[in-house]
Each structure stands twice: as structure tokens, then as C-alpha cells.
Amino acid sequence: MAIVCLCHGAAEAGGKFGQVLLIGSALAVAGNLLISISLNTQRFAHLRQQSEAPAGEKAGNYLKNWVWWVGLVLMIAGEFGNFAAYSFAPASVVAPLGMTTVLGNAAIAVIFLKEALHADDILGAIMAILGAYLIINFSSKDEPSEGLTGHILLGYLRQPALVTYLSLELFAVALMWYIRETKKLKSVVMTLLISSLIGSWTVISAKAVAGLLRVTLLGQSQLAQPILYIMVVVLLVTAILQVKFLNQAMMNNPSTVVVPTNFVFFTISAIVGGVVFYQEFRGLGFLEIVMFCFGCGLSFAGVRFITLAHHVAPDAYSPDLKPYISAPPTLFSSAGEQQRFVLIHSDGHDKATDSTQGDCCG
């Protein structure tokens, strides 16, 4: 909430779209905070269920635990907030605000889980909040007055720059995937680069779908536009592929590497995608672009500090608690959800995943 309050003056200065930008930023922040609460609620449900299980026996099916379902509802609400944010704010603003989840996780760990407050927490939080202020304050205020319609979206798709960007991205993903599969490489950088490049189209399509639905709700129906349904398919396919590669990275590498690295790669990819596809730097001066990028850099550094401060090696947990230190990744946020990951097996129980496990996702 402090992030949104700090940017209130900047939003007013941006006029009507500044107010819309503030709404989008507030939705992104609120959505990511709800996701943070949901992950910790589900974690609490797993831990409590395990503690109540008889010694030497597995915990019961977590699907019968009402606390876990509360966490799921909160996660859905958070994802909806993130999704809705794309209809109000540029993708280059919404994506970096994913660091709010990391801030929320750190706050919950200190306040409710009674973890120690580290100097890195304070420094990281200050850097992340200042970075968010700069991102929102120096983002583009130049958006179509009528909202995102199918006609405008088709115009974006015809841009020569987009064709070049898409060709280069497809070539890069195909090359890295080929090297990864033929050389049997498990490089976390390569895996997260693939995930993030694919994720840029998750962001582009999410903004398209959210924008078209918003215009429809305002009275200008876009439901007859074929591009709406094409973007829905792109959204679903790229989201599944993005999570697939992200999960592979999480299973084979520590969260202190994956979380900040993925946040940086995903955010840069989302910003570049938004700039190329939606021309989100249109109308910005050189200094504004520099300050926007500086804000992103501060957010990257803030996430890194907070992640390092709250990293606990898997061996620090008792064997009974290792399977429950994680929770599933989510689709529309970019930072905090990678901190916790659970591999759900067909027997309905959660089993630990750590850096010693092989790749189960193909």
C-alpha cells in the first residue's frame, strides 16, 4: 500500500490516464499481496496437517483441509487482481510490481512466523519500494483514449518491429531448447531464459485479453473479434510452457538463485515485449526512460537482498517438514511465487523436491 500511496501524486500529474495507471498499480500490488498471503496460508495448512498426523504416518489429503481452500481462494483473487491490472496499466509497470509478493512474504515471515528481521530485509524493502515509485512515476502516460480494441490490437500486430522481435525470440528459444536437449544441459540461466522469453507472450496476451474484456464491460463489445480468442489460446499455451520450465529450474536449483534470476529475466522480457508490442515507451523522454530503468534495477536488487535474507537450506528443516516448505507457482506474477514449489504426485500427497532430484517435466 505504501507503494501506491507514494505514487498518488505522480498519478494525479498524469491526468486521466494517471488515475487509470494508479488503479492498475493498486490492483497489481493488492493482487501480489493476496498471492503472498495465499502461499503462506497453504503452507500453514500443510504444516498443521503434518503436525497433527500420527507419528510415522503421512498427513491426510490436504484437499480436505478448509484452510488450504482458503489459501486457494486468496490465490485466485490475487491472480484476478494481477490479470485485471493489465487492463489498466502498461505491462512494463505491472510486471516489475511482482516484487510485492517477495515483500509480503518477508513481512509475513517476520510478523507471523517470528523470523528475525535482517538488515538485508530493511535495505531490500527500501530499494524495492523506491524502485516501484520510479517505475510508476516515470512510466508512459500515453495510452489509447478509447481503450484497447480489436482494431487497435490488429494494428499492433502489423508492426514491422514486432515481426523482427518475434522472429528473434522464436530463434533464441528454439536454439536454447535444442542445445539444452541435445547437450543434456541443466543450466538454470538457460532454463529461466526460455521461461522468461515465453513469459513475455504470456504478458502480452494477458494484457490483450484483459484490455479487450475491459472495453467490452464498458459497453463496446469485443466478443465478435477473432483476435480475442486467438490471444486466449496464446495466453493458455505460453502460461503452461512458462510454468513447465520454471518448475524445472526450481527442482534443480536453490530458490536463492531461481527467484532473483527469474524476476530479472521475466521483468526484462515483459518490459521489452510491452515496449515492442504496445509501444509503452512512446512519449517518454531520454531521462524518463533512464529513471524507469533505474527503478527496475533497484527492484531487482531489492528482491535479491530479501531473498538472500530469508533463504533457509533444506537441510535446516526436519525431514517431516521438508515437503511442506513450498507452494505452487502462479501465472501472472513474477517474483514471490517461485520461492515455494510443491510437486503433487498422483497419490494425493506432497513430496519434497530439491536440487538432487532429476527433471520430471520432460
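Residues numbered from 1 in each chain as written. Predicted model: local features only at pLDDT ≥ 70, side-chain atom pairs only at ≥ 80, totals over all residues. Heavy atoms only, no water.

Peer 1: How should I be thinking about the nonpolar core in this particular structure?
Peer 2: Nonpolar side chains tend to gather and get buried jointly when the protein is soluble and globular. By size, the foremost hydrophobic cluster in this structure holds 55 residues, and its most contacted members are Leu97, Met99, Leu153, Phe277 and Tyr278. Residues within four places of Leu153 in sequence aside, it is in contact with Leu148, Ala208, Leu212, Ile227, Met231, Phe277 and Tyr278. Counting residues in each nonpolar core, the second largest holds seven residues, with Val173, Met190, Leu197 and Ile198 among its members. (Core = buried A, V, L, I, M, F, W, Y, C linked by side-chain atoms within 4.5 Å. Buried < 20%, exposed > 50% of the residue type's maximum accessible area, 1.4 Å probe, protein only. Contact = heavy atoms within 4.5 Å.)

Peer 1: Can you walk me through the environment of Gln279 in this structure?
Peer 2: Position of Gln279 relative to the elements: it lies in the loop between helix H12 (255-278) and helix H13 (286-309). Residue class for Gln279 comes out partly exposed when judged on its relative accessible area of 27%. Between the C-alpha atom of Gln279 and that of Ser140, which follows or precedes it by 139 residues, the distance is 9.2 Å. Beyond its immediate stretch of four places on either side in the chain, Gln279 contacts Tyr156, Gln159 and Gly274. (Helix = DSSP H or I, 4+ residues; strand = E, 2+ residues; numbered from the N terminus.)

Peer 1: For this particular structure, what's the right way to read helix H4 (residues 66-85)?
Peer 2: An α-helix turns once per 3.6 residues; consequently, residues spaced three or four apart project the same way. For H4, which comprises 20 residues, the first-to-last C-alpha distance of 29 Å matches the rise-based estimate of 28 Å (1.5 Å per residue) to within 8%. Where H4 is concerned, the buried positions are Val67, Trp68, Gly71, Met75, Gly78, Glu79, Gly81, Asn82, Phe83, Ala84 and Ala85. Structurally, the start of H4 carries an N-cap: the backbone nitrogen of Val67 is 2.9 Å from a side-chain oxygen of Asn65. (Expected span 1.5 Å × (residues − 1). Polar contact = N/O pair within 3.5 Å; in protein donor to acceptor, adjacent residues only side chain to side chain.)

Peer 1: Teacher, can you tell me more about the packing of aromatic side chains here?
Peer 2: Any two aromatic rings considered together are summarised by their centre-to-centre distance and by the angle between their planes. On inspection of all chains with the given rule, the structure shows seven aromatic pairs. Aromatic pair Phe281 and Phe292: ring centres 5.4 Å apart, planes at 80°, arrangement edge-to-face. Note that Phe281 is positioned in the loop between H12 and H13 and Phe292 in helix H13, a separation of 11 residues in sequence. Taken together through their ring pairs, the aromatic side chains of Tyr156, Trp201, Phe277 and Tyr278 make up a single cluster. Over the face of the ring belonging to Tyr278 we find Lys207, whose NZ or CZ atom lies 5.5 Å from the ring centre. Across the ring face of Phe245, the terminal group of Lys244 is positioned such that the distance to the ring centre comes to 6.0 Å. (Phe/Tyr/Trp six-rings, centres within 6.5 Å; stacked < 30°, edge-to-face > 60°. Lys NZ or Arg CZ within 6 Å of the ring centre and 35° of its normal.)

Peer 1: What is the right way to look at the pattern of salt bridges in this model?
Peer 2: Two side chains with opposite charge may pair up if their charged atoms get near one another. A full pass over the atoms with the stated rule returns one salt bridge. One salt bridge connects Arg180 with Glu181, and the closest N-O pair in it is separated by 3.2 Å. Owing to a relative accessible area of 3%, Arg180 belongs among the buried residues under this scheme. Given the relative accessible area of 24%, Glu181 is considered partly exposed. (Salt bridge = Lys/Arg side-chain N within 4 Å of Asp/Glu carboxyl O.)

Peer 1: Would you mind showing me how to read the confidence of the model for the protein here?
Peer 2: Fine structural detail should not be taken from predicted coordinates in areas where pLDDT scores are low. Residues of the protein with pLDDT of at least 70 account for 78%, and the chain-wide mean is 79. Between residues 313-331, whose pLDDT stays under 50, and residues either more than four places distant or in other chains, the model counts 51 contacts. Scored below 50 in pLDDT, residues 335-362 shows 89 contacts in the model against residues more than four places distant or in partner chains. (pLDDT = per-residue confidence, 0-100.)

Peer 1: So what exactly am I meant to see when it comes to helix H7 (residues 119-137) here?
Peer 2: Compared with the 27 Å implied by 1.5 Å per residue over 19 residues, the 27 Å span of H7 between its first and last C-alpha is a close match. Restricting attention to buried positions, one finds in H7 the residues Asp121, Gly124, Met127, Ala128, Gly131, Ala132, Leu134, Ile135 and Ile136.

Peer 1: Honestly, the packing of helix H9 (residues 160-182) against H12 in this entry has me stumped. Any pointers?
Peer 2: Two packed helices can be described by the angle between their axes and the distance between those axes. Between H9 and H12, the least distance of the axes is 9 Å, while the angle of their chain directions is 150°. Considering the angle they form, H9 stands roughly antiparallel to H12. From H9, Ala161, Leu162 and Tyr165 reach across to H12, where they touch Ser269, Val272, Gly273, Val276 and Phe277. Considering only residue class, the contact of H9 with H12 consists of six nonpolar, two polar and no charged. (Axes fitted to C-alpha atoms, helices over the stretch in contact; angles between N-to-C directions. Parallel < 35°, antiparallel > 145°, perpendicular 65-115°, else oblique. Nonpolar A, V, L, I, M, F, W, Y, C, P; charged D, E, K, R; others polar.)

Peer 1: Any chance you could explain the environment of Val209 here in plain terms?
Peer 2: In this structure, Val209 sits in helix H10 (residues 188-217). The spacing of Val209 and Met231 is 22 residues in sequence and 6.4 Å in space, taken between C-alpha atoms. Excluding residues that lie within four positions of it along the chain, Val209 makes contacts with Phe83, Leu228, Met231 and Val232.

Peer 1: I tried to follow the packing of H10 against helix H11 (residues 226-252) on my own but got confused; where do I start?
Peer 2: Running from N to C, H10 and H11 cross one another at 155°; their axes reach a closest spacing of 8 Å. In this view, H10 runs roughly antiparallel relative to H11, as classed from their interaxial angle. Note that H10 runs across H11; the crossing there is left-handed. Residue classes in the contact of H10 with H11 are distributed as 20 nonpolar, eight polar and no charged. (Left-handed = near helix turned anticlockwise from the far one by under 90°.)

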